[in-house]
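Observations on chain architecture
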Amino acid sequence: SKTNYLTMYKFRRQLHMDKQLSQLIDEAIKLEHNISNIYEIFSKMFPEDSDFWSELVCEEKNHATLLETAKKTLLTVDLFPSKLLLPTLGMLIDTNNKLHLLIDEYKESPPSREVAFYKAIDIELYAGEIHFQHAMKHLPSDEIMDTIQQLNKDDKDHIVRIRTYMHEKSISSYTDNL
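Everything in this summary refers to the structure shown in the same document. (Residues numbered from 1 in each chain as written. Predicted model: local features only at pLDDT ≥ 70, side-chain atom pairs only at ≥ 80, totals over all residues. Heavy atoms only, no water.)

1. So, helix α4 (residues 113-125)
Stated precisely, the cut-off is as follows: By definition, any uninterrupted DSSP run of H or I lasting at least four residues is a helix, any uninterrupted run of E lasting at least two residues is a strand, and each is numbered from the N terminus. What a helix is expected to span follows from its residue count: subtract one and scale by 1.5 Å. Here's how the labels work: a residue is buried when its accessible area is under 20% of the maximum for its type, exposed when over 50%, partly exposed in between, all with a 1.4 Å probe on protein chains only.
Look at α4: 19 Å from first C-alpha to last across 13 residues, which is about the 18 Å you get at 1.5 Å a residue. Buried within α4 are the following residues: A116, F117, Y118, A120, I121, I123 and E124.

2. As for the pattern of salt bridges
Heads up, the rule is: For this document, the term salt bridge refers to a Lys or Arg side-chain nitrogen within 4 Å of an Asp or Glu carboxyl oxygen.
In total, this model carries 9 salt bridges according to the counting rule given. Among the salt bridges present, the one from D122 reaches K119, with a minimum N-O distance of 3.8 Å. Of this pair, D122 and K119 both sit in helix α4, 3 residues apart, roughly one helical turn. Within the structure, one salt-bridge network assembled from shared partners comprises E48, D49 and R113.

3. So, helix α3 (residues 89-108)
Convention followed: Working note: the arc is built from the helix axis to C-beta atom directions.
The terminal C-alpha atoms of α3, which comprises 20 residues, lie 29 Å apart, in line with the 28 Å expected from a rise of 1.5 Å per residue. Of all the residues in α3, the buried ones are L92, T95, N96, L99, L102, I103 and Y106. End-on view of α3: buried residues confined to an arc of 120°, all on one side of the axis. Structural note: α3 exposes L101 and E108 on the side pointing more than 90 degrees away from its buried face.

4. A word on the environment of K98
Considering the arrangement of structural elements, one finds K98 in helix α3. Given the relative accessible area of 46%, K98 is considered partly exposed. It is 9.8 Å that separates the C-alpha atoms of K98 and N34, two residues lying 64 residues apart in sequence.

Below, the structure written as structure tokens:
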């Protein structure tokens, strides 16, 4: 009957949307882990900045854990806040592929201290990371986003913190070289 067909169509469409959202979340989790891996490389390469990089490593891992927890608890009841994610899976996959190449490159040929900081700023500007940070800064639209923002309150504004650290440690910034 027509009613059964519409019900089945809606069910299949919801399953497809849930699968796509699940894939987006998985890629966003990979993004956070990839970023933490790069910062971990920097932490080991530059002992003078190890505490700074280690802090960022922990925060990126916290972002991943936050997404994993939200996926487990909220996706199953259709309450996952899609504001935390990029709109396209392709962008996340592309960014993760670039980060994998960077990880491999830095294992083979480590960057200079200055380049590591430049690259960290670039990484924080990557679409997924900036989108996550943007979602964390805005007023929560519901209780779920408010809870997520509270859990993430100390992990915001990495770009500002990186630039401030560079200034404090007299590491030249992009603008110094223009």
